[in-house]
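Report on the structure
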Amino acid sequence: MWQAEIRVDLDAIRHNVGLLRAGTTAEVMAVVKADGYGHGMVPVARAALDAGATWLGACTLDEALALRAAGITAPVLAWLLVPGLPLHRGVEAGVDLSASGTGLLAELVEAARVAGRPARVHLKIDTGLNRGGAKPADWLALVEAAAKAQADGWVEVVGAWSHFARADEPGDPSIDRQLAAFREGLATAARFGLSPRYRHLANSAATLTRPDSHFDLVRPGIATYGLSPVAGQRFGLRPAMTVRARVLLAKRVAAGEGVSYGHTYTTGAQTTLAVVPLGYGDGVPRHASNSGPVWLAGRRRTIAGRVCMDQIVLDCGDDPVAAGDVAVLFGPGDEGEPTADDWAAAVGTINYEIVTRMSTVRVPRVYAGG
Ligand SMILES: *Cc1c(COP(=O)(O)O)cnc(C)c1O
């Protein structure tokens, strides 16, 4: 018997990876950062590899090392690296590491010395996101230093890469500008004798909408989990996460009663209130107070009053609701239950945040589909 659970459908993960593979001739890197967008990094990684992804995307060195510790031997790229990390551990573990500047490249050379083997490096160019990556003006120095380090045997330049700012807005002119800047960066690298085996740029949105951005490798994250990066388009993806809990108490209350902290909701008539044991301590946004949709007893309802740390309340009218009934916060939507997209719309965020913020501190994550 379970009280509340985060259910992850690994068959859906495999379906989504299969769909992404079918749409490209490039290899697929399943991005499993942030505990697999809240779905569980290692089980998702295994399912994605099973379905034909050949790379895994981790953000941090620790995430990449955790994949290795789990026995996963597929190529892994880690790209969020502050100065001073024990990068030799990544090199020893065969983790590919990203460099956005000559400082990190020098650290990778040192890490290679310590590890006694060359560091596998992906050089990152900033083509317009203005987040990570070398600006075009600094790219030349990075490429030059990398070519030298490769000639000296300390690094192997495996990749050259960048990241889109607005690929989720198909047709936005920044997409073409970033593509052009990327091609220019590759041409500069080629002038220094660098033609990396893996050129990569596409996130989920570009993987689904811009085949001309695929190059040798695509890096879908959100689409792996079955959620769309583009508003209003589903692409045949299957959402993998369902969050649900059992009603712990159902009771009749009179009209005109204030509900939950602050009494921000008042019953309009005599009604049945259902209390559900999930709250902001479990990752339910407090912004969902009086707006979050929940499926219970065959209908969508809206959270009545404030989301508490541990609980929410639903106003069920005269519908027959009893303790033990299952309330679904979000799922694939097949049975009428809300989706992560519905939650994102209700609280003013994106589907990425809704799934990633769900916490397993109290709520077990359970896997379906092997
Ligand atoms: C998170 C991330 C991705 C995946 O992005 P989605 O929009 O989830 O597909 C790809 N590349 C980088 C660098 C990222 O940080």
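Note that the structure is predicted; figures quoted are calculated from it, not measured. (Residues numbered from 1 in each chain as written. Predicted model: local features only at pLDDT ≥ 70, side-chain atom pairs only at ≥ 80, totals over all residues. Heavy atoms only, no water.)

To continue, consider the pairing of strand β7 (residues 155-161). Among the seven residues that make up β7, six are buried, leaving the element largely enclosed by the rest of the structure. Two elements, strand β6 (residues 119-124) and β7, share six bridges in a ladder whose sense is parallel. The partner of H122 across the bridge, within β7, is G159. Where β7 lies against strand β8 (residues 198-202), three bridges are found, and the strand directions are parallel. Looking at β8, one finds that W161 is bridged to H200. (Buried < 20%, exposed > 50% of the residue type's maximum accessible area, 1.4 Å probe, protein only. Helix = DSSP H or I, 4+ residues; strand = E, 2+ residues; numbered from the N terminus. Pairing = 2+ DSSP bridges.)

With that out of the way, let us pick up the site of the ligand. As a matter of local geometry, the ligand sits amid 14 residues, with K33, Y37, S204, I222 and Y352 nearest to it. K33 places a side-chain nitrogen or oxygen 2.7 Å from an oxygen atom of the ligand. Contacts to the ligand include G221, whose backbone N or O atom sits 2.8 Å from an oxygen atom. Residues of the shell around the ligand, tallied by class, amount to seven nonpolar, four polar and three charged. (Near = heavy atom within 4 Å. Polar contact = N/O pair within 3.5 Å; in protein donor to acceptor, adjacent residues only side chain to side chain. Nonpolar A, V, L, I, M, F, W, Y, C, P; charged D, E, K, R; others polar.)

Let us look at the pairing of strand β10 (residues 241-246). By the criterion of burial, β10 is predominantly enclosed, with five of the six residues buried. Sheet topology note: the strand β1 (residues 4-9)/β10 ladder contains five bridges and is antiparallel. Along β10, the bridge assignment pairs R7 with T242.

What follows covers the domain arrangement of the chain. Along its sequence, the chain is organised into domain 1 (10-225) and domain 2 (241-368). Relative placement of domain 1 and domain 2: their C-alpha centres are 38 Å apart. The partner domain 2 presents eight residues to the 10 residues of domain 1 that form the contact. In total, domain 1 and domain 2 occlude about 870 Å² of area from one another, counting both sides; carbon and sulfur atoms represent 58% of this. Scanning the region where domain 1 abuts domain 2 turns up one salt bridge. (Domains from an automatic or database assignment. Contact = heavy atoms within 4.5 Å. Buried area = accessible area lost by both parts, 1.4 Å probe. Salt bridge = Lys/Arg side-chain N within 4 Å of Asp/Glu carboxyl O.)

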